[in-house]
Number of protein chains: 2
Amino acid sequence: MGQAYRVAILGATGAVGAELITLLEERNFPLSTLKLLASPRSAGQTLTFKGETIQVEEVSEAAFQGIDIVLASAGGSVSKAWAPKAVKAGAVVVDNSSAYRMDPQVPLIVPEVNPDAVTQHQGIIANPNCTTILMNVVVWPLHQLQPVQRILAATYQSASGAGARAMEEVKVQAQAILNDDPPPTEIFPYPLAFNLFPHNSDLNANGYCTEEMKMVQETRKIFNAPDLRVSVTCVRVPVLRAHSEAINLEFSQPFPIEKARTILQDSPGVKLVEDWQANYFPMPIDASGQDDVLVGRIRQDISHANGLELWLSGDQIRKGAALNAVQIAELLVERQLLKPAAVASA
Amino acid sequence: MGQAYRVAILGATGAVGAELITLLEERNFPLSTLKLLASPRSAGQTLTFKGETIQVEEVSEAAFQGIDIVLASAGGSVSKAWAPKAVKAGAVVVDNSSAYRMDPQVPLIVPEVNPDAVTQHQGIIANPNCTTILMNVVVWPLHQLQPVQRILAATYQSASGAGARAMEEVKVQAQAILNDDPPPTEIFPYPLAFNLFPHNSDLNANGYCTEEMKMVQETRKIFNAPDLRVSVTCVRVPVLRAHSEAINLEFSQPFPIEKARTILQDSPGVKLVEDWQANYFPMPIDASGQDDVLVGRIRQDISHANGLELWLSGDQIRKGAALNAVQIAELLVERQLLKPAAVASA
């Protein structure tokens, strides 16, 4: 038996928090203790890990004492407030919020893409945005064979991107509409059930919303391709848990379609889902609960000799958030990047 | 009072048929009689037009006698079987199916784009595919100022594209899922409620589905731009009645964004819906029941100096089908293109 680590989850009661607990159990992460932290509102709840009941504690400076790894998934302002304190207490923070992603001191990691960036951490490692992760896992292996020149994407983002309460809201809205009642809107600005709308994140001066600019800027950072041309339209759709993306890739020369298929078939974190006879391709209901990003409908772009079109679906909560964070934690363990002082024996 | 015409609707009991009846009434189309035709299965039903009850008749050769205009919306095989007979009986057929769209003898018309093509008809005029119409109404006015070089689109297509029963199926599926029951699938190959999938039309050898190739080929024909580069990903989403599209346009030089906005604000059949403060843009629930295609989120493509990104929603049954067909019929009337022999006095 190797070493075991003291892990804390910050934001344990959210949709991603729940998935983090599931994944640590499922993947048998080498931990000696698991501390569940949340806001005062959620503290006191109990959650289960490997049959053991754990009470959720209120986040505090003291709570990080003796912790080796913090998996933070409680939003940007919470991370801004607490991540530096956790680092000061000796922990490495894998942060799922957008707070530190574009900080040049902070590695932004998709383990299938840029695992080596983990060595550069100074206490905080950022987990990319869900839509970025799903796209990058699929585009990176192709980019390795022929550098991609331009990426155009349109997203089909599920309610889970706005959290567990948003998933519930879509169901409540759907039932209201089926009953001919007006759908309530608390989390989302507009009804999402039987409707859709451009992603409601803040709009930038260039007309892109923040969600779109995350995909643009984060992809450039993760690919270490600061001049990569990327444009995205992000749209929320009435799906519960998995995101989908229509992606157009432009290369500097034609990309043989069979080569693309072979590469994606063999790429980690990717599952090729293409049954051309049955007209069966990636769908959110099939991607939900899966670790792999499903990709299919790969075709030569008929509007551009050097273009490829493809379609993907991936679990927003799993690979789009919690799984990627746990994979980063596993990288820290594999590469023995946790401070020796912070290592406890199993 | 001008002339009045004897109109028949073939496929009167479908979703588009119902909308055709509504529109003929709403727009006070100059008709002297309205005949409602359908398959034997639907014959005998009664429908209402201007307070008058009309019994649906079974389609037959005799039924077209004395008819000036047939609005056909009963699918490709029905049009193939009956449109030539209606033409032989002296009627002009405005066909909503895909049967004749790419026939070089048949004009394919979006009245806001190529109304003059109506003069070339030889008995049949084709109504384009819903997604084509919505895209063309928006792209054409820009194309008039600066020819578009390439169009990339991703669609978000509502259930209505597969007919009235498909709209009902999505609601039944949603209720089943909310009740934790398995969703029934009769019309669609996979559950659409809380899910989505690439458009399930037949796949071509190039990897594009028929729905996508319709958008490509029909746009080229309507724009009279046989070499226009177009690529599309078509996706069905759990929305009831309006389609949305994320569209990327490439020009040969930069397209000033304010110019695009001004042009679209003044274009027929288009409504600019952009409240940047409120993050409010076109949505299917707002497009439903509207004649105009809603367009917004117009922005300079940050990945291409000559690119524009935009987003639209339009009523699939109305402008995407029935309204466009009635507008074509109105063009025939305005330009006095119906055979004099077939004209009755009002």
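Each chain carries its own residue numbering, running from 1 in the written order of its sequence. Numbering of ligands from 1 and lettering of chains from A proceed in the order in which they are written. Reporting of local features is limited, given that this is a predicted model, to residues whose pLDDT is at least 70; pairs of side-chain atoms are given and counted only at 80 or more, and all residues count toward the totals for whole chains, interfaces and linings. Where side-chain values are given, they derive from all heavy atoms of the structure, hydrogens and water being excluded.

Concerning the overall build of chain A
Here comes step 1: Here a helix means four or more residues in a row that DSSP labels H or I, a strand means two or more in a row labelled E, and each is numbered from the N terminus. Within chain A one finds eight helices and 17 strands.
Here comes step 2: Taking 2.2 N^0.38 as the reference for a compact globule, 346 residues should give roughly 20 Å; the C-alpha atoms of chain A span a radius of gyration of 20 Å, in line with that estimate.
Here comes step 3: The principal-axis extent of the C-alpha atoms belonging to chain A is close to 60 × 55 × 45 Å.
Here comes step 4: Relative accessibility under 20% of the residue-type maximum defines a buried residue, over 50% an exposed one, and the middle range a partly exposed one, all with a 1.4 Å probe and only protein chains included. By residue count, 60% of the 346 residues in chain A fall in the buried class.
Here comes step 5: Residues are treated as being in contact if the distance between any of their heavy atoms lies within 4.5 Å. Restricting the contact set of chain A to residue pairs at least 6 apart, pairs at least 24 apart contribute 67%.
Here comes step 6: Counting only carbon and sulfur atoms, one obtains 48% of the accessible surface of chain A, whose full area is about 12600 Å².
Here comes step 7: Two residue types count as positive, namely Lys and Arg, and two as negative, namely Asp and Glu; His and chain ends fall outside the count. Charge coordinates come from a single atom per side chain, which is NZ of Lys, CZ of Arg, CG of Asp or CD of Glu. Side chains of chain A carry 27 positive and 36 negative charges; the gap between the two charge centres is 5 Å. For a compact globule the rule gives 2.2 Å times the number of residues to the power 0.38, and the radius of gyration it is set against comes from C-alpha atoms. Only the protein chains shown count as cover for residues, with accessible areas throughout obtained via the Shrake-Rupley method and a probe of 1.4 Å.

Observations concerning the sheet that holds strand 15 (residues 293-300) of chain A
All names here are of chain A.
Here comes step 1: Strands pair, by our definition, only if DSSP identifies at least two bridges between them. An order of 11-9-13-16-15-14 is seen for the six strands of this open sheet, with the pairing classed as mixed. The outermost strands of the open sheet, each flanked by one partner alone, are strand 11 (229-233) and strand 14 (270-272). Across this sheet, the average inter-strand angle for adjacent strands is 25 degrees, counted without regard to direction.
Here comes step 2: In the sheet, strand 13 (residues 242-251) pairs with strand 16 (residues 307-315) via nine bridges, with the strands oriented antiparallel. By the bridge assignment, Asn-248 is partnered in strand 16 with Glu-309.
Here comes step 3: The strands touched by helix 6 (residues 257-265) are strand 14, strand 15 and strand 16; relative to strand 15, the strand with the most contacts, the crossing angle is about 170 degrees. For every element, the axis is a line fit to its C-alpha atoms; helices are fit only across the contacting stretch, and the angle between N-to-C directions ranges from 0 to 180 degrees.

Here we look at unusual backbone geometry
Here comes step 1: A positive phi angle, near 50 degrees, is found at Asn-28 of chain A, a position not held by glycine.
Here comes step 2: Mapped onto the secondary structure, Asn-28 of chain A falls in the loop between helix 1 (15-26) and strand 2 (31-38).
Here comes step 3: In this structure Asn-28 of chain A comes out as exposed when scored by relative accessible area, which is 55%.
Here comes step 4: A positive phi is found at Arg-297 of chain B, a non-glycine position, where the angle reads about 55 degrees.
Here comes step 5: With respect to the helices and strands, the residue Arg-297 of chain B is situated in strand 15 (residues 293-300).
Here comes step 6: The class for Arg-297 of chain B is buried, based on a relative accessible area of 0%.

Structural notes on the UniProt feature "binding site: NADP(+)" (unreviewed entry) in chain A
Residues and elements named next belong to chain A.
Here comes step 1: Using the residue numbers shown here, the UniProt feature "binding site: NADP(+)" (unreviewed entry) corresponds to Thr-13, Gly-14, Ala-15, Val-16, Arg-41, Ser-42, Ser-160, Gly-161 and Gln-316. For this annotated set, covering 304 residues, the C-alpha atoms extend up to 25.2 Å from each other, a dispersed arrangement in space.
Here comes step 2: Its location among the elements puts Ala-15 in helix 1.
Here comes step 3: The exposure class assigned to Ala-15 is buried, which follows from its relative accessible area of 16%.
Here comes step 4: Sequence-distant contacts of Ala-15, defined by excluding residues within four places in its chain, comprise Gly-163, Ala-164 and Ile-317.
Here comes step 5: With respect to the secondary-structure elements, Gly-161 resides in the loop between strand 9 (148-156) and helix 4 (164-178).
Here comes step 6: Look past the residues within four positions of Gly-161 in its chain and what remains in contact with it is Arg-236, His-243 and Gln-316. UniProt positions are given in the numbering used here, feature names are shortened, and annotations may be inferred rather than shown by experiment.

A short note on the interface of chain A and chain B
Here comes step 1: Taken together, the contact pairs 61 residues of chain A with 61 residues of chain B.
Here comes step 2: Each of two parts loses accessible area, computed with a 1.4 Å probe, when they are put together; buried area is these two losses added. Taken together, the two surfaces of chain A and chain B that pack against each other cover about 5100 Å², and 61% of this comes from carbon and sulfur.
Here comes step 3: Per-residue buried area on chain A facing chain B is highest for Phe-194, Asn-279 and Ile-302 of chain A; these three make up 13% of the total on that side.
Here comes step 4: By definition, a salt bridge exists where a carboxyl oxygen of Asp or Glu is found within 4 Å of a side-chain nitrogen of Lys or Arg. Between Arg-297 of chain A and Glu-212 of chain B there is a salt bridge, with its nearest N and O atoms 2.5 Å apart.
Here comes step 5: Any pair of nitrogen or oxygen atoms within 3.5 Å is treated as a polar contact; in protein, a donor-acceptor pairing is required on top of that, and neighbouring residues in sequence qualify only through side-chain atoms on both sides. Our count for the contact surface shared by chain A and chain B stands at 35 residue pairs in polar contact (both at pLDDT 80 or more).

Digging into the packing of aromatic side chains
Each aromatic ring pair is described using two quantities: the centre-to-centre distance and the angle formed by the ring planes.
Here comes step 1: Stacked, edge-to-face and tilted labels apply to pairs of Phe, Tyr and Trp rings (six-membered ring for Trp) whose centres lie within 6.5 Å, assigned for plane angles under 30 degrees, over 60, and everything in between, in that order. Throughout the structure, instances matching the rule amount to 17 aromatic pairs over all chains.
Here comes step 2: Here Trp-276 of chain B and Phe-281 of chain B contribute two aromatic rings whose centre-to-centre distance is 5.0 Å and whose plane-to-plane angle is 75 degrees, an arrangement assigned as edge-to-face.
Here comes step 3: Pairwise contacts between aromatic rings join Tyr-156 and Trp-311 of chain A together with Tyr-156 and Trp-311 of chain B into one cluster.
Here comes step 4: By the criterion adopted, a ring carries a charge over it if an Arg CZ or a Lys NZ lies within 6 Å of its centre and within 35 degrees of its normal. Lying across the ring of Tyr-100 of chain A, Lys-80 of chain A places its NZ or CZ 4.6 Å from the centre.
Here comes step 5: In this structure, Arg-297 of chain B packs its charged tip against the face of Phe-281 of chain B, placed 5.7 Å from the ring centre.

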